[in-house]
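# Observations on chain architecture
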Amino acid sequence: MPALQARILESLDAIPAGQWDALHAGDHPFVRHAFLSALERTGCLRVDWGWAPHHLTLWDDDTLVAAAPMYLKANSHGEFVFDFAWAHAYAQHDLEYYPKWLCGVPYSPVTGPRLLAPTPELRHALAVAMAELCKAQELSSAHVNFHPQDEDPAFGDDWLLREDIQYHWNNHNGWQTFDDYLAAMDAKHRKNIRQERARVERSGVTFRTVHGDEAGDADTEAIHGFYLQTFAEYGNSPALTLEFLRDIARTMPRQLVLFIAELDGAAIAGALCLRSTDTLYGRYWGSHAQLPGLHFETCYYQGIDYCLRHGLTRFEPGAQGEHKIARGFLPTIVRSRHWIADPRFRDPLGDWCAAERRDVRRHAAQLHRHSPFRDDGMRT
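Our subject in this report is the structure included herewith. (Residues numbered from 1 in each chain as written. Predicted model: local features only at pLDDT ≥ 70, side-chain atom pairs only at ≥ 80, totals over all residues. Heavy atoms only, no water.)

### A short note on the pattern of salt bridges
Here the idea is simple: oppositely charged side chains can pair when their charged atoms come close. Scanning the entire structure with this criterion turns up 24 salt bridges. Glu163 is the salt-bridge partner of Arg361, the closest N and O atoms lying 2.9 Å from each other. Here Glu163 lies in strand 8 (residues 159–170) and Arg361 lies in helix 10 (residues 343–368), a separation of 198 residues in the sequence. Residue classification places Glu163 among the buried positions, given a relative accessible area of 6%. Residue Arg254 pairs with Glu214 through a salt bridge whose shortest N-O separation is 3.3 Å. Placement of the pair is Arg254 in the loop between helix 8 (242–251) and strand 10 (256–263) and Glu214 in the loop between strand 9 (206–211) and helix 7 (217–233), with a sequence separation of 40 residues. Taking the relative accessible area as the measure of exposure, Arg254 reaches 41% and is therefore partly exposed. Put simply, Asp152, Glu163, Arg335, Arg337 and Arg361 are held in one network by salt bridges that share partners. (Salt bridge = Lys/Arg side-chain N within 4 Å of Asp/Glu carboxyl O. Helix = DSSP H or I, 4+ residues; strand = E, 2+ residues; numbered from the N terminus. Buried < 20%, exposed > 50% of the residue type's maximum accessible area, 1.4 Å probe, protein only.)

### A word on the packing of aromatic side chains
In total, this model carries 25 aromatic pairs according to the counting rule given. Considering the side-chain rings of Tyr90 and Phe345, the 4.0 Å spacing of their centres and the 20° angle between planes classify their relative orientation as stacked. With Tyr90 in helix 3 (residues 84–92) and Phe345 in helix 10, this residue pair connects regions lying 255 residues apart in the sequence. Taking relative accessible area as the criterion, Phe345 reaches 11% and is therefore assigned buried. Members of the aromatic cluster, each reached through a chain of ring pairs, are Trp169, Trp175, Phe178, Tyr181, Tyr301 and Phe373. Of note, Arg7 hangs over the ring of Trp59, and the distance from its end group to the ring centre comes to 4.3 Å. If you follow Lys73 out to its NZ or CZ, it ends over the ring of Trp51, 4.1 Å from the centre. (Phe/Tyr/Trp six-rings, centres within 6.5 Å; stacked < 30°, edge-to-face > 60°. Lys NZ or Arg CZ within 6 Å of the ring centre and 35° of its normal.)

### So, unusual backbone geometry
Of note, the amide linkage connecting Tyr98 to Pro99 takes the cis form, showing an omega dihedral of 0°. Locating Pro99 in the fold gives a position in the loop between helix 3 and strand 6 (100–103). At Glu138, a residue that is not glycine, the phi angle is positive and equals roughly 60°. When you line up the elements, Glu138 lands in the loop between helix 4 (120–136) and strand 7 (141–145). For Glu138, a relative accessible area of 74% translates into the label exposed. Residue Phe146 is not a glycine yet carries a positive backbone phi of 60°.

### Thoughts on the side chain of Thr298
Note that Thr298 resides in helix 9 (residues 294–310). Thr298 sits in the buried class, given a relative accessible area of 0%. Among the polar contacts listed, one links the side chain of Thr298 to the backbone oxygen of Leu294, at a separation of 2.7 Å. (Polar contact = N/O pair within 3.5 Å; in protein donor to acceptor, adjacent residues only side chain to side chain.)

### Observations regarding the state of the cysteines
Using the criterion set out here, one finds zero disulfides in the structure. In this structure Cys307 is a free cysteine whose sulfur lies 8.6 Å from that of Cys273, the closest cysteine sulfur available. (Disulfide = S-S within 2.5 Å.)

### Some points on the pairing of strand 8
Most of strand 8 sits inside the fold, with eleven of its twelve residues counted as buried. In this structure, strand 8 lies alongside strand 14 (residues 330–340), joined through ten bridges in antiparallel fashion. What sits directly across from His168, in strand 14, is Leu330. Pairing of strand 8 with strand 13 (residues 314–316), which is carried by two bridges, proceeds in the antiparallel orientation. Residue pairing across strands places Trp169 opposite Phe315, the latter belonging to strand 13. (Pairing = 2+ DSSP bridges.)

Right, dumping it as structure tokens:
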């Protein structure tokens, strides 16, 4: 490989969208230039919230050949790979854990490309540069969250591996309709889902599926209002702005998917999703009404219906939630990598990660036993 130059960029707008998007397959919504730059331009990322863009790029003369979306983090919020115990351990030894360097997508626990490069060699070069620059900048650590398994070879043995569980829907069996999907389940789970959907239908609620280029101002305002309400109910601070939602509706018109529940002509609930060519990603939901089954219909069943209509084979509805298993979302292992600069912490944390992986795998096997599907071959 030629000698490459590493550059840190504090704004994604420093790179033309076409150059950035040429480094990856292009259809994964969360690493598209349009999505990441919109977070920066519309007030979703702020230094006082702990997010400072610090993107790693590799150049061959004036040609961008590899990149990674990266941020200096002053805390561990909005990441979904929890390392608060690690920060506490540093504090107990009077050492600074923050700032750390995070490669990932803000507020989005979604697996997807992280080392954006066309070849394995360039992906490895990114990982090497990440570790070298982490040390040169005197940062405690570098982290790559929710990377796909095929990026594993890019990381050396000094990158610690963590695993966790999410719940994903997969159409490995060529289901064409929702009834096909239900027919694969045992009678109890099939009956429960039908009852949940029937309750919503009897209440008079109807649904609209709206893509970004179909969304009017009232639609984006309604969805953003539901998002704000959900965060307020849980006592969390919302980060996404209405301007961000309108921006990606314009720049990613067919990748933004909104499910809007209406009663008597008024929007009462909604879910915000994004999609690639084969996967639907559920991100946020909210409701102004408390109706039996409304959450499951809005967040899960409308999404499954959408996948079946549009030929998508995967639906990731968000992090956590063992209740998703009964609705056909099975345990799935997700991964992250961590480079720890201080060897006094690296080895103990390596042992900790190994023990955590064993526990996660054991728990995933236990959860699979609760699969609602009749065919054991569908439990994997």
